[in-house]
2 protein chains.
Amino acid sequence: MPDHETESSMKRGELARLTGCNIETIRYYEKIGMLPDPPRTSAGYRVYSRDHVTRLHFIMRARELGFAMEDIRGLLGLGDRAAPTCAEVKARTDRHLADVRTKIADLKRIEAVLAATAAKCSGAEVPECPVLDAIGS
Amino acid sequence: MPDHETESSMKRGELARLTGCNIETIRYYEKIGMLPDPPRTSAGYRVYSRDHVTRLHFIMRARELGFAMEDIRGLLGLGDRAAPTCAEVKARTDRHLADVRTKIADLKRIEAVLAATAAKCSGAEVPECPVLDAIGS
DNA sequence: TATAAGGTCTGTAGCGACCACAGGCTCAAG
DNA sequence: CTTGAGCCTGTGGTCGCTACAGACCTTATA
């Protein structure tokens, strides 16, 4: 006898397909407490609901925006945290935004150096290379 | 009797101080074949020379420029590779430069989204937050 | 010369955020 | 009843380090 399934219940593979999340990643998120443990069928299969879809979408979107898991935990009020206030969310976002801007600045500096040194290259089949000289000095 | 030491020979700690590299990282680079195995004293202490300093500086600089270890191996002609030609170095650098530019573009998109959503925040001590809405939708 | 402090040695485990696989169940279709 | 797909668990790998623990060696001071 199959377990009862409501309209919006699904197994792990379907959740993965629906969200575009890797199927193993879903298990990982459960393991680290980002996704609530879903109920199981009598055979041990995970049964997900619409709430899981929403939560997983949130996590994925936050990850796309570069938030670390710890940040997302904070945004979701997970662990022993209470649901965050707007002020807390803003503070976290501003911190992250500052990080992102720092990373952009770092990468731009790198880009400039790479572009400048690569421009010096002859591209010839010779062992001497101005890029190697630039890095090595 | 202490082992003979030439002027420019040094132990691991001094190499670390001299280059600013973490002392454990030096051992790691040796383990993965980025630094040649140094000779040892009779007690097993590693003895580094000026060549090691040069090589380590090169690696550190390349890492600062965001090259992956595999790239650096290529730049150095390590493993079973021959020393690269200028053309090969240029190709590798151009590929990496393209990567860096992609990352910058990604981060800029993230920055725009974060800045736009954070701007909507009231910063009040209330649980409703436009940032959460933006991520969640 | 004894001892204490500090450097070095090895192996191993941890980080973050996953991804992939092996070996065993379960389920649905034909 | 069999086949194949999907799910289960545990474990190990990725990258580039970093941080121990516990043993050994060296150096300086008393």
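Residues numbered from 1 in each chain as written. Chains lettered and ligands numbered in written order. Predicted model: local features only at pLDDT ≥ 70, side-chain atom pairs only at ≥ 80, totals over all residues. Heavy atoms only, no water.

## Focus on the protein's contact with DNA strand C
Here's step 1: Among the 20 residues in the neighbourhood of DNA strand C, the closest are listed as Thr25(A), Arg12(B), Arg27(B), Tyr45(B) and Arg46(B).
Here's step 2: At the protein interface, 68% of the atoms of DNA strand C within 4 Å belong to sugar or phosphate.
Here's step 3: Within the contact set of DNA strand C, a phosphate oxygen lies 3.1 Å away from a side-chain nitrogen or oxygen of Arg40(B).
Here's step 4: Broken down by secondary-structure element, the contributors of at least two residues to the surface near DNA strand C are helix H2 (23-31) of chain A together with helix H1 (12-19) and helix H2 (23-31) of chain B. (Near = heavy atom within 4 Å. Polar contact = N/O pair within 3.5 Å; in protein donor to acceptor, adjacent residues only side chain to side chain. Helix = DSSP H or I, 4+ residues; strand = E, 2+ residues; numbered from the N terminus.)

## Things to note about the interface of chain B and chain A
Here's step 1: Contacts between the two partners involve 45 residues from chain B and, on the opposite side, 45 residues from chain A.
Here's step 2: Across the chain B/chain A interface, buried area totals approximately 3,900 Å², and carbon plus sulfur atoms make up 78% of it.
Here's step 3: Considering only the side of chain B, the residues that lose the most area to chain A are Cys86(B), Leu114(B) and Ile135(B), jointly responsible for 17% of the buried surface there.
Here's step 4: Applying the counting rule to chain B against chain A returns two salt bridges.
Here's step 5: Between Arg101(B) and Glu111(A) there is a salt bridge, and its shortest N-O distance comes to 2.7 Å. (Contact = heavy atoms within 4.5 Å. Buried area = accessible area lost by both parts, 1.4 Å probe. Salt bridge = Lys/Arg side-chain N within 4 Å of Asp/Glu carboxyl O.)

## Some thoughts on the packing of aromatic side chains
All names here are of chain A.
Here's step 1: One pass over the full model with this rule turns up two aromatic pairs over all chains.
Here's step 2: Considering the side-chain rings of Tyr28 and Tyr29, the 5.9 Å spacing of their centres and the 45° angle between planes classify their relative orientation as tilted.
Here's step 3: Owing to a relative accessible area of 42%, Tyr28 belongs among the partly exposed residues under this scheme.
Here's step 4: For Tyr29, a relative accessible area of 8% puts it in the buried group. (Phe/Tyr/Trp six-rings, centres within 6.5 Å; stacked < 30°, edge-to-face > 60°. Buried < 20%, exposed > 50% of the residue type's maximum accessible area, 1.4 Å probe, protein only.)

## Some thoughts on helix H3 (residues 50-64) of chain B
Here's step 1: Look at H3(B): 21 Å from first C-alpha to last across 15 residues, which is about the 21 Å you get at 1.5 Å a residue.
Here's step 2: Residues of H3(B) that are buried: His52(B), Val53(B), Leu56(B), Phe58(B), Ile59(B), Met60(B) and Ala62(B).
Here's step 3: Looking at the packing, one finds that the buried side of H3(B) touches helix H6 (130-136) of chain A together with H1, H2 and helix H4 (69-76) of chain B.
Here's step 4: Remark: Gly66(B) follows H3(B) within two positions and exhibits a positive phi of approximately 85°. (Expected span 1.5 Å × (residues − 1).)

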